[in-house]
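Coordinate inspection notes
Each chain is listed here by its residues.
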Amino acid sequence: MENESLRILFQLILSGFIVGSLYALIALGFVLIYKATDIINFALGELMMFGAYICYGLITEFKVPFLPAFLLTLVFSAILGILIEMLVLRPMVGEPIFSVIMITIGLATLFRSIVGLIWGHDVYHFPTPFSETPIDLFGLSIFPIELTTSVTVLGLVILFFLFFRYSHMGIAMRATAFNQKYALLMGINVRKVFSIAWLLSTVVASIGGIFLAGMFFIHTNMSFIGLKVFPAVVLGGIDSIAGAMLGGLIIGIVENLAGGYLSQLFGSGIKELSAFFILVIVLMIKPYGLFGKKEVIRV
Amino acid sequence: MRKKMNRRTFLKYSAAASATAAISGFPTILRSQGEIGVTSDSIKIGVISDLTGPTAIAGIGMADAIRGYFNDLNEKGGIHGRKVVVIVEDSKYSPTLTVAAAKKLISKDEVFALVSPWGTEPTEALLPLVAEQKIPIAPACSLATSIYEPMKKYVFAVGTDYVDQSLFIVEYIMKDLKAQKPKIALFCQDDDWGRDHLKGLNLAAKKYNLDPVVMESYKYDAVEFKSQVINLMKVKPDFVILAAGLRSGVLFLKEAQKLKWNPTFIGTNTLGFLKTLEMAGDAGEGLLVLNIFAMPDEDIPGVKRMIEVTKKNFGDKWMPANEKIHPYYIYGWINAIVFAEGAKRAGKNLTREGLINALETLRNFDPEGLMGPITYTSASHGSPGYVRMTKSDVANKRFIPLTGWKSVSR
Amino acid sequence: MASGYYKTSYRDDLKIFQTRFVKFWLVILAILLMIFPFVFSQYILYTANLCGIAIIGALGLNILSGFTGQISLGHAAFLAIGAYSSTLLTLKLGIPFWISLPLGGCIAALFGMIIAIPCLRLRGLYLAIATFAFAFTVEYIIVHWSSLTNGTSGLTVPHPSIAGFVFKTDKAFYFLILVFVILSVTFAKNLFRTEAGRAFIAIRDKDIAAEVIGINLTKYKILSFMTSSFYAGIAGGLYAVTLSSIGPEHFTFLVTIQYIAMVLVGGMGSVLGSILGAIFMTVLPEGIRLLRDVLSHDFPFLITRLADLQSSFYGLAIILVLIFEPKGLFGLWIKQKNYWKGWPYTY
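Per chain, the residues get numbers from 1 upward, laid out in the order the sequence is written. Here chains are named by letter from A upward and ligands by number from 1 upward, in the order in which they appear as written. Residues qualify for local features only when their pLDDT is at least 70, as the model is predicted, and side-chain atom pairs are given and counted only at 80 or more; totals for whole chains, interfaces and linings, by contrast, use all residues. As a convention, hydrogens and water are excluded, and side-chain values are obtained from all of the structure's heavy atoms.

Notes on the interface of chain B and chain A
Where interface size is given, it is often the accessible area lost as the parts come together that is meant. Listed as interface residues are 38 residues of chain B and, on the opposing side, 38 residues of chain A. Buried area between chain B and chain A, both sides added, is near 3200 Å², and the carbon and sulfur share of it is 58%. Once two parts are joined, some of their accessible surface, as seen by a 1.4 Å probe, is lost; buried area is that loss totalled over both. Of all residues in chain B, V223, R247 and K258 of chain B bury the most surface against chain A, accounting for 18% of the area lost on that side. Only one rule defines a salt bridge in this text: a Lys or Arg side-chain nitrogen within 4 Å of an Asp or Glu carboxyl oxygen. Applying the counting criterion to the chain B and chain A interface returns four salt bridges. Between E132 of chain A and K254 of chain B there is a salt bridge, and its shortest N-O distance comes to 3.3 Å. Whenever two N or O atoms come within 3.5 Å, that pair is a polar contact, provided that in protein one can donate a hydrogen and the other can accept it, and provided that, for residues adjacent in sequence, both atoms are side-chain atoms. Where chain B packs against chain A, one counts 15 residue pairs in polar contact (both at pLDDT 80 or more). Polarity classes work like this: nonpolar for Ala, Val, Leu, Ile, Met, Phe, Trp, Tyr, Cys and Pro, charged for Asp, Glu, Lys and Arg, and polar for all others, with Gly in that last group. Residue classes in the side of chain B that touches chain A are distributed as 18 nonpolar, six polar and 14 charged. Throughout, a residue-residue contact means that at least one pair of heavy atoms, one from each residue, lies within 4.5 Å.

What about helix α6 (residues 168–178) of chain A?
All names here are of chain A. Among the residues of α6, M169, G170, A172, M173 and T176 are the ones counted as buried. The buried residues of α6 occupy an angular sector of 160 degrees when the element is viewed end-on, so they sit on one face. Residues of α6 that are exposed and angled more than 90 degrees away from the buried face: H168 and F178. Under the scheme applied here, a residue whose accessible area is under 20% of the maximum for its type counts as buried, over 50% as exposed, and between as partly exposed, the area being computed with a 1.4 Å probe on protein chains only. Helix and strand assignments follow DSSP, with helices taken as H or I runs no shorter than four residues and strands as E runs no shorter than two, numbered in order from the N terminus. Arc definition: directions from the helix axis to the C-beta atoms.

Looking at the pattern of salt bridges
Counted according to the given criterion, the structure contains 29 salt bridges over all chains. The partner of E171 of chain B in a salt bridge is K207 of chain B, and the shortest N-O contact between them spans 3.7 Å. Separated by 36 residues along the polypeptide, E171 of chain B in helix α5 (residues 162–176) and K207 of chain B in helix α6 (residues 192–207) bring together distant segments of the chain. Judged by its relative accessible area of 18%, E171 of chain B is buried. Owing to a relative accessible area of 54%, K207 of chain B belongs among the exposed residues under this scheme. What you see here is one network of salt bridges that share partners, running through E146 of chain A together with K226, E255 and K258 of chain B.

Quick notes on the interface of chain C and chain A
With 36 residues of chain C in contact, the opposing surface of chain A contributes 44 residues. Counting each side, the surface lost to burial between chain C and chain A is near 3700 Å², with a carbon and sulfur contribution of 83%. In this structure, the connection of chain C to chain A is made through zero salt bridges. Joining chain C to chain A, the criterion identifies one residue pair in polar contact (both at pLDDT 80 or more). Elements supplying a minimum of two residues to the side of chain C that touches chain A: α6 (124–144), α9 (195–212), α11 (253–266) and α13 (302–324) of chain C. The element contributing the most residues to the side of chain C that touches chain A is α13 of chain C, with eleven residues.

Points about the side chain of N291 of chain B
Here N291 of chain B is to be found in strand β8 (residues 288–291). On the accessibility criterion, N291 of chain B (3% relative accessible area) is buried.

Focus: the packing of helix α3 (residues 66–89) of chain A against helix α8 (residues 190–216) of chain A
Residue and element names in this part refer to chain A. The axes are straight lines fitted to the C-alpha atoms, using for helices just the contacting stretch, and the angles between their N-to-C directions are given from 0 to 180°. Running from N to C, α3 and α8 cross one another at 140 degrees; their axes reach a closest spacing of 7 Å. In terms of axis orientation, α3 runs oblique to α8. For the pair α3 and α8, the sense of crossing is right-handed. Of α8, the residues touching α3 (which contributes F66, F70, T73, L74, S77, A78, G81, I82, I84, E85 and L89) are R191, F194, S195, W198, L199, T202, V203, S206, I207 and I210. For classification, angles of less than 35 degrees are called roughly parallel, those exceeding 145 degrees roughly antiparallel, those between 65 and 115 degrees roughly perpendicular, and all remaining angles oblique. Handedness of a crossing follows from how the near helix is turned relative to the far one, being left-handed for an anticlockwise turn of less than a right angle and right-handed for a clockwise one.

Considerations on a nonpolar patch on the surface
All names here are of chain A. On the surface, V75, I79, L83, M86 and L87 cluster together to form a nonpolar patch covering roughly 450 Å² of accessible area. Tracing the sequence through the fold places L87 in helix α3. By relative accessible area, L87 is classed as exposed at 55%. Candidates for patches are residues over 30% relative accessible area with no salt bridge; among them, like charges are joined within 9 Å and nonpolar side chains (Val, Leu, Ile, Met, Phe, Trp, Tyr) within 5 Å. Using a 1.4 Å probe, accessible areas were evaluated by the Shrake-Rupley method; residue-level cover was limited to the displayed protein chains.

Considering unusual backbone geometry
Residues and elements named next belong to chain B. Cis peptide bonds are those with omega within 30 degrees of zero, and the linkage from E149 to P150 qualifies with 0 degrees. Along the chain, the position of P150 falls in the loop between α4 (120–133) and α5. Residue P320 follows M319 across a cis peptide bond; omega there is 0 degrees. When you line up the elements, P320 lands in the loop between α10 (301–314) and α11 (321–324). In the Ramachandran plot, N209 falls in the positive-phi region, its phi being about 65 degrees despite a non-glycine side chain. Within the secondary structure, N209 is located in the loop between α6 and β5 (214–218).

Re the domain arrangement of chain B
Residues and elements named next belong to chain B. In this document the domain limits rely on a domain assignment from an automatic tool or a database. Per the domain assignment, the segments making up chain B are domain 1 (42–160 + 296–379) and domain 2 (162–291 + 391–408). Here the C-alpha centre of domain 2 lies 28 Å away from the C-alpha centre of domain 1. Contact with domain 1, which involves 16 residues of that partner, is made by 15 residues of domain 2. Here domain 1 meets domain 2 over a buried area of about 1500 Å², counting both sides, of which 53% is carbon and sulfur. Contact with domain 2 buries area across many residues of domain 1, yet L143, T160 and E323 alone supply 29% of it, more than any other trio. One salt bridge connects R398 with D297, and the closest N-O pair in it is separated by 3.4 Å. Linking domain 1 to domain 2 there are three residue pairs in polar contact (both at pLDDT 80 or more). Taken together, the residues of the side of domain 1 that touches domain 2 sort by class into eight nonpolar, four polar and four charged.

With respect to the pairing of strand β4 (residues 184–189) of chain B
All names here are of chain B. Most of β4 is tucked away: six of the six residues are buried. Here β4 shows no split at all, with I184, L186 and C188 on one side and A185, F187 and Q189 on the other all buried. Bridge count between β4 and strand β6 (residues 239–243): five bridges; the pairing is parallel. Bridging across to β6, A185 finds its partner in V240. Strand pairing is assigned whenever DSSP detects at least two bridges linking the two strands. Pairing of β4 with β5, which is carried by five bridges, proceeds in the parallel orientation.

Okay, here's the thing in structure tokens:
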């Protein structure tokens, strides 16, 4: 009996870790843009979904095998990201933050309806090369695709962490986020920085979308996962890469633990509520999250 | 200064006067004779469905089925020489939008009746409007008990409601499977649909002296359901009832398979279509599913006719029928059949009251074999439910009926 | 246009409606508004009623976000609180509509105060998230406290009656809503001529500077939240009786987004902007529906797909307006007015 409840606990944590790595990916996409451009992107869920559907379309309509389809999707997302930045966000420079948020929401609505127009609102099976046989991991079970996702996310986070620490472009991005004017003065091509930030963010979102679809089927409601980005980034700190990952993982784990132990008491909504509960608590005690930097506002 | 003001003022007043006149020149023409929505050669009906919202997969099917049915009926001459004109509105499964769509259908399109408005909560939101406008919902597209109990003059319900479905499932477990003191768990959506199932299961559990049912619920837009699976696994039930949508139900099955957990899974009517097996793969092994409608691969004339008409009207959209036609498509088709029958019985002099009286004369009416027989009376607009149990045949991707159509008693 | 007007007293300068021209057109507008319900069909009336409610709600949001600069993603929650409060007061305590509606507004204002207090120190993204968390919590409570709210089944709202007259038809609701719209617009327009209103604007422009010159941030931020929520509460209460039934799906985050769209597209920080935005955003989906009806005879496949086109138009409208005219419809209006003011001289 003891072993049983321990096994359940660890399985719950593992489930949380799997879902959490998806949250971490979205949070990563969010932080990438915020860190470089100070923009709050509400369209991440839809960008994830769009990427997944492009890949789906390539595989089912054009019969492209998975790996090339995956890479093609990333290329497409990169172009999409740059286009969004140039056509939609650049004209919004200097506008109040509310307008910028709203325009990303407008984009989200647009993407969702385009997907609906082309593919309809059905639920489809997303074909992946991963086998459906669960792997045994120290007595716990995990699907191969889930394992791949978690490993990929970890890899990406380390990659971006190093990117922002040590690469030219990464440091340039951080400088731009800190103060655009000074960055310009230092000779940084701010326009290029913005484009690259969006490019990276959309690519990351697409990767997340493809894994999400592979694990939980592809359908237009999958964009709702985009809402989870807020608890994750608030917890981790909205401008911290490591924070994004940690935040996402923690939210995923907390959700599953809450669902596992509290749902009989509070009903199923406790899963979603626990994420927001954390958000509120963090806002109250440590508003800048685990790793965020304090904002200094000058008059 | 004075002179200029005079001319200006004159221009102002005349401009204002003409503007007012122009705008007031849009009077609404009130219809004068006959029943609303009925002319000498047409009957207008309004169909409100979820075409782009969270349940659009099912909603589009329902709407298409109705359109296809009446296209076919019109080709054959219509009802007493009148062609049925179907006007479809999108409600996105929202009660507000459903009410707005209904108001538009009623006042702008002046429809004779509302046929098969989609969804339980949206239909409930329509009830006050429908009673006030005295327009029939003939019949509704909802399996909730609240639609027909207490009885509403203008509303007819079709299909076995959720409570009855659950009662039948437990009866099947006890009588057909002869289970000994089984433990039952329920995985359902966090709303009235789920609660109705829980109510039914608990009623039955009390009747057979079983432990109360353990329930785990989910929100329809939830990403994953892993913790719910683990929670039910903890309880070690013998039977797990899946009152879930396609996505949630299949993901539950897959997660259970991953955790090597193997109770007997019984799905309700929402999982009763072949796509479930396609998406579940071998996690669908051993799945039992409740049927309230016939399956699209059944060899009965009613089903064959439906598929033929569908192919003719929509080409490949719903083909192959086995995979794409789902229970709510059939639900729409049956609703169309019921409306047509009622309008036929009401005779040439078609009125709303006439339609209601005509529907109340239905006794054991067979909707072309697609469902159990339908009976309405002046005291009840909800028909007693017929169900049957089927088993999955994963290799052949079909469901095999295990029982005949049985009636449920409360 | 307006020329040759000069004022000879301070009183003249302070008047809201300054020129005879404006006053004249307002009278015409009043007459048109009165005739409106007798001329148009129930469906158009229903849309007009929704516009009216949207105007009140949008005004409320504009007061908080457009004039005071506080980003709020929780507007739908206040609408919900107003709707449920006034409905429950009538249902459970038998309080007549003409008291329960304002009471519902007050309860919403109370919650506005409650949410304002932790939000005092937050700004930008964090404020947005905090208000979003509030909205989420309210939705959760509505769904799960079913003994009070009937959960997802929702509540049936009894027809309001004032002095014996029962409001049942859309025509009756039109006049009821019209009264409240006039009151709300007048109050809002006046608000920004008072000390409180100007304090709001100061907070929006640079709150630290405002504090430095002696504006009590706490007091005015809370006041702004409370006023905004009161408006939303009234709008919610009117919404409840117009629809005759309410449920949690009437107050989702999507509704908040719709209101934000109204305020942004109409023009932040302008009363006329909120009115224009509310009308535009309520009428746009209906307009597209009419378009679809016309096109569906030739393109029947659009029947089920065009509804997606509706939301794509919606999203596109938001994006285009924000890119090309950040001041929204109000900005367009002002530009047109200025153009015609100087016409035919374009300089």
